Amino acid sequence: MNLLPAPPVNADNRPYRDGASAGRLMLPHCGACGHRFFMPRYQCPRCWSNDLHWTPASGRATIHSYCIVRRAALPAFADRVPYVLALIDLAEGPRMMSQILGENALQAHIGAAVELCFETCADGAQLPQFRLVHHG
Ligand SMILES: [Zn+2]
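Computed from a prediction, not measured in an experiment: that's the story for all the values here. (Residues numbered from 1 in each chain as written. Predicted model: local features only at pLDDT ≥ 70, side-chain atom pairs only at ≥ 80, totals over all residues. Heavy atoms only, no water.)

What is the right way to read the sheet that holds strand E7 (residues 126-132) from this model?
Two modes of strand pairing occur in sheets, parallel and antiparallel, and in both the strands are linked by backbone hydrogen bonds. Overall, mixed pairing links the five strands, which are arranged E3-E4-E5-E7-E6 in a closed barrel. Within this sheet the neighbouring strands show an average axis-to-axis angle of 50°, counted without direction. Alignment of strand E5 (residues 95-101) against E7, held across two bridges, turns out to be parallel. Residue pairing in the sheet places leucine 101 in a bridge with arginine 131 of E7. (Pairing = 2+ DSSP bridges. Helix = DSSP H or I, 4+ residues; strand = E, 2+ residues; numbered from the N terminus. Axes fitted to C-alpha atoms, helices over the stretch in contact; angles between N-to-C directions.)

Honestly, unusual backbone geometry in this entry has me stumped. Any pointers?
A cis geometry characterises the amide bond from phenylalanine 38 onward to methionine 39, with omega recorded as 15°. Of the consecutive residues valine 81 and proline 82, the connecting peptide bond is found in the cis state with omega at -10°. Here proline 82 lies in the loop between strand E3 (60-69) and strand E4 (83-90). With a phi close to 70°, tryptophan 48 is a non-glycine residue in the positive phi region.

Could you clarify how one ought to interpret the domain arrangement of the chain in this entry?
By convention, interface size is frequently given as the accessible area that disappears when the constituent parts associate. Under the domain assignment, the chain is made up of domain 1 (9-56) and domain 2 (58-136). Computed over C-alpha atoms only, the centres of domain 1 and domain 2 are separated by 21 Å. Taken together, the contact between domain 1 and domain 2 spans twelve residues of the former and twelve residues of the latter. On the domain 1 side of the interface with domain 2, the three residues burying the most area are Ala20, Leu25 and Phe38, jointly 44% of the side's total. (Domains from an automatic or database assignment. Contact = heavy atoms within 4.5 Å. Buried area = accessible area lost by both parts, 1.4 Å probe.)

Help me out: how do you make sense of the environment of arginine 41 in this one?
By the element assignment, arginine 41 lies in the loop between strand E1 (26-30) and strand E2 (52-56). On the basis of relative accessibility, which here comes to 30%, the residue arginine 41 falls in the partly exposed class. In this structure, the C-alpha to C-alpha distance between arginine 41 and proline 28, residues 13 residues apart in sequence, is 8.4 Å. Beyond its immediate stretch of four places on either side in the chain, arginine 41 contacts Asp12 and Leu52. At 3.0 Å, the side chain of arginine 41 and the backbone oxygen of methionine 39 are in polar contact. (Buried < 20%, exposed > 50% of the residue type's maximum accessible area, 1.4 Å probe, protein only. Polar contact = N/O pair within 3.5 Å; in protein donor to acceptor, adjacent residues only side chain to side chain.)

As structure tokens, this is what we get:
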């Protein structure tokens, strides 16, 4: 499988990207109203405060919805099809998009328990992704 190009780093997402490189999924939360959110941005989407703080997520989550991608939109994804692209509800509240990794990824379904894992990108950066939780 080809390595994915690393997403760009900017001032808004640097704590997220640095956390991923250290093996953590970092989430911003607002110091003014307490709201936790994703994607990273420079101000709280609820109250517009820029008093933001970062804490690691537990990595526990469930699939809110998903689709199976059968035609790659970009050449970097061509050798992955079919693959599962999912909306993930983190235990902490925010929803994020992720690919579901693992040999059983096509067994994904709404409500399935997933756990955080990391994928190495072309520049060595770590990309937070998710995989189905195995039971038994
Ligand atoms: Zn806020």
